[in-house]
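One letter stands for each residue in the lines below.
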Amino acid sequence: MKPTDTSNPEYFHKVVDCQWGCPAHTDVPEYIRMIAQGRFSDAYMENRKSNVFPGILGRVCDRPCEPACRRGRVEDKPVAICRLKRVAADHRDDISARLPKAAEKTNGKKVALLGAGCASLTVANDLAPLGYEVTIFEALDTTGGLMRTNIPAFRLPPKVLDEEIGYILDMGVDLRFGHRIDSMKDLLEEGFDAVFVGTGAPKGKNLELPGRYDSDRIHIGIDWLESVAFEHTKEIGKRVLIIGVGNTAMDCCRTSLRLGAEDVKVMARKPRGFFKASDWELEDAEEENVEILVNHSPKEFVYEDGKLAGMKFDLMEYKIDEDGRIDRGTSTGEVTIPCDDVVLAIGQDNAFPWIERDIGIEFDKWDCPVVDETTMMCSRDGIFFGGDSAFGPKNIIWAVEHGHQAAISMHKYCQNEDLHDRLPMGLNLSSQKMGMHEWSYSNDYDGAVRRLMPHVDLKERFNKLDIEVELGFTAEQVVEEVERCLNCDIQTVFTEKLCIECDACIDICPVSCLTITPNGEEDEIRSRLKAPALNPEQALYVSDALPHTARVMVKDEDLCVHCGLCAERCPTGAWDMQKSTILIPYAADEAEPEQQQAAAGGSAK
């Protein structure tokens, strides 16, 4: 094997599994260490560099970082990364002086952002400090998009939305409420230099079954949640069926309980292993006594005396092959379940009836715009998409990352630069030595189990629709949880010429991730390490030839817990513990120096 190129930012980035798993690449271990040191404001600002909405995402992020967390290789539960993000938001001081500021003068370029949701707001956050005149067109009379209309207040309080969105709007953004765009062609005639579409996936999927249109007690999930959010709907029947088992379905079933439902059932067509809802969403719903019925395929709506009385389902049986793939299933019978209301939460679609098909925007077979995944631009120059509008329903953190990338492209487009000529990621490595055997981070392994999030008592949470169920961690409660982080961004950096092959590092390694061995082919090397490297998705570190025997030092990154014992034990200093900081380019980094200074605001102070 060739020596590992650790100068490539992607190598150490992939070792920091949580940061690699986050679409916005938030430096998770860094902000967790800041929380451990009581630096809540610093942790908040570290978050805000990449995810823009720490308080919002600390409550409702889909948490792609947590399944990737290396703690899950040591025990069952990952670090509570998402909830620690909320800790930084809940306990920070006033950070307004550290936020990006509006540019002192405009650069003469005007951009239009459609929809005041997370993707558009991220674009505004990145472009307003660079002097762009930003106009946001919003059909409703409030901001937040689907974050406000589809996520219930008991999960995401409006005050949290208002505060973090306000940080962006305060940069002089022109926000136009009640301004629905009915024609892209007309909008383009207004002379904007670039347009960003961040209108979400606002069309809930329907279920065309017998009896679908014979009652007004059958609701489309996202429309119904919006109606509840704006207080147009204030009650529901005692018996409610939720069709679908995604995160929207979980919001619908829990909202039903708060509107007076007594018997709420979630109807799943497939077994539990194929649910789309996050595990924690399912747990929260079941804690509130929602019943989830599997292998029930909707068949028809049942009426008695002209009134919705129930729903008929096929009882399904499935075969799952050795690769985990499920077949279409066979019906083994049917059952009718009584209900007063049905909420259809089976997915969402994009809807672009307002984009004319003769203006140069190409649409695919699903009637979605064809969007470049790097530049976020469609087939018509100067028009960009992001969030659910671009690639269908995902989640907030993906929308934020789309916004960052679109902002870079919009800046380059307005400055007549090549959209694909983008700054690469960078890498800084800095030693964490503070003394002979002392580090600037806590490197002891803490065996504590994951702390459970405290909740409002079950009897109290249904009294009002907007009682936030999760209480958040206190500063005292978070002490043990931050110590569970394995500091995966503190890398074991090896210098071959200093190694005397004494095997001290190998002897002391608690997880047997180090081996000195003759070089060879990767598959063969993996089989003869001290602990066989069984995860091919995680790289092996391979040194250059060692000076005495020409063997190589091999490290299985999959096993390493970044404890630093190898560096403490090494008599020659061949090993060092160094913080790897991945430098993520944003629109400000592509701008001229005077624009960069305004965009930085007070955050560098």
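Residues numbered from 1 in each chain as written. Predicted model: local features only at pLDDT ≥ 70, side-chain atom pairs only at ≥ 80, totals over all residues. Heavy atoms only, no water.

What follows concerns the sheet that holds strand 21 (residues 540-542). The sheet built from three strands is open, its strands ordered 20-22-21 with antiparallel pairing. Strands at the two margins of the open sheet, each flanked by one partner only, are strand 20 (514-517) and strand 21. When strand polarity is set aside, the average angle formed by the axes of neighbouring strands in this sheet is 20°. Pairing geometry for strand 20 and strand 22 (residues 552-556), over four bridges, is antiparallel. Bridge pairing in strand 22 links T515 to V554. (Pairing = 2+ DSSP bridges. Helix = DSSP H or I, 4+ residues; strand = E, 2+ residues; numbered from the N terminus. Axes fitted to C-alpha atoms, helices over the stretch in contact; angles between N-to-C directions.)

Right, let's get into the domain arrangement of the protein. The domain architecture assigned to the protein consists of domain 1 (9-97 + 446-484), domain 2 (99-202 + 350-414), domain 3 (204-348) and domain 4 (490-583). When each unit is reduced to the centre of its C-alpha atoms, the spacing between domain 2 and domain 4 is 46 Å. (Domains from an automatic or database assignment.)

So, about the packing of helix 4 (residues 40-51) against helix 16 (residues 396-414). It is the contact of helix 4 with helix 16, at a shortest axis distance of 9 Å, that shows an interaxial angle of 70°. Taken together, helix 4 and helix 16 sit at an angle that is classed as roughly perpendicular. For the pair helix 4 and helix 16, contact is made by K49, S50 and N51 and by I397, V400 and H404, respectively. (Parallel < 35°, antiparallel > 145°, perpendicular 65-115°, else oblique. Contact = heavy atoms within 4.5 Å.)

Quick look at the pairing of strand 19 (residues 490-494) now. Counting buried positions along strand 19 yields five of five residues, so the element is predominantly enclosed. Alignment of strand 19 against strand 23 (residues 575-583), held across five bridges, turns out to be antiparallel. Of the residues in strand 23, the one forming a bridge with F494 is W575. (Buried < 20%, exposed > 50% of the residue type's maximum accessible area, 1.4 Å probe, protein only.)

Okay, the nonpolar core next. Counting 69 residues, the largest nonpolar core has L127, V134 and M184 as its most contacted members. Here this core takes nine residues from helix 16, the largest share from any one element. Among the domains, domain 1 (9-97 + 446-484) and domain 2 (99-202 + 350-414) are the pair contributing at least three residues each to this core. Apart from residues lying up to four places away in sequence, V134 is in contact with V111, L113, A124, L127, A128, V173 and D174. With 29 residues, the next largest nonpolar core counts L427, I506, C509 and C570 among its residues. (Core = buried A, V, L, I, M, F, W, Y, C linked by side-chain atoms within 4.5 Å.)

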